[in-house]
Each structure stands twice: as structure tokens, then as C-alpha cells.
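Listed below are the residues making up each chain.
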Amino acid sequence: DEISGGGALVTIHLEHLHPPSRLEPGHMTYVVWFEGGDRAPVRAGELAYDPEMRTGDLSETSPMRTFVVKVTAERDRTASRPSEFVIATRTVATD
């Protein structure tokens, strides 16, 4: 959804997620990123992972109107850039 100020509210819900550590030992969380144009990836936040339901959720505002949402498995909850373990991507254009 487009919001005032030119950004976009993004709601993510993923199902059938395995624990991050099943992708690679040592991975402990899923992180959502916004990537667009020449900008560096913007960390949206940590996906709220429910291991019993195997779901992940996050609602966050992107500063961009056209961008790619990327979800990665990370070793560190405070990762400052996306890892190579991409589990989902989606292009978003609010124009």
C-alpha cells in the first residue's frame, strides 16, 4: 500500500519455512531487505518466525516506491547486508 511521503507499506507472510539452521548450520534468523536502483540494500527488519506454524511475518515501510523485497537467512540477527542465502524475492511497484 502506498503511504504519505512516497514510501510503501509492505506486509510479508511466508509459509512452509524451515528453521534457518536447516539451510546452513549457524543460520539463526530470516531478515527482510528492500533493494532498489542504485541504493544500497535497506534492512527492513527481522522476519517474525513461528517454528510451530513454520510461518514468517513482517510489516514495514519501504522508503522506495519501486523496489525488490528480498528475504535472506542470516547468521547474525544484526546483519547489515544480505547474505547469499535468499529464500524469497518479489518486485514491488507502487506507481
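See the structure shown above.
Since this is a predicted model, take the numbers as computed values, not measurements. (Residues numbered from 1 in each chain as written. Predicted model: local features only at pLDDT ≥ 70, side-chain atom pairs only at ≥ 80, totals over all residues. Heavy atoms only, no water.)

Glancing now at the side chain of S62. The topology assignment puts S62 in strand β5 (residues 55–62). Apart from residues no more than four positions distant in its own chain, S62 is found in contact with G7, A8, V10, F34 and F67. (Helix = DSSP H or I, 4+ residues; strand = E, 2+ residues; numbered from the N terminus. Contact = heavy atoms within 4.5 Å.)

Reading across from one edge, β1-β5-β4 is the order of the three strands in this open sheet, with antiparallel pairing throughout. Each having just a single partner strand, β1 (8–14) and β4 (48–50) make up the two edges of the open sheet. Sheet twist, expressed as the average angle between the axes of neighbouring strands with direction ignored, equals 10 degrees. Alignment of β4 against β5, held across three bridges, turns out to be antiparallel. Within β5, the position partnered with A48 by the bridge is D57. (Pairing = 2+ DSSP bridges. Axes fitted to C-alpha atoms, helices over the stretch in contact; angles between N-to-C directions.)

Two aromatic rings are characterised by how far apart their centres lie and by the angle between their planes. Following the criterion strictly, the structure yields two aromatic pairs and no others. For the ring pair Y30 and Y49, a centre distance of 5.8 Å and an interplane angle of 70 degrees mean the geometry is edge-to-face. Of this pair, Y30 sits in strand β2 (residues 29–35) while Y49 is found in strand β4, placing the two residues 19 residues apart along the sequence. Judged by its relative accessible area of 24%, Y49 falls in the partly exposed class. (Phe/Tyr/Trp six-rings, centres within 6.5 Å; stacked < 30°, edge-to-face > 60°. Buried < 20%, exposed > 50% of the residue type's maximum accessible area, 1.4 Å probe, protein only.)

What is shown is where atoms sit, not what they do.
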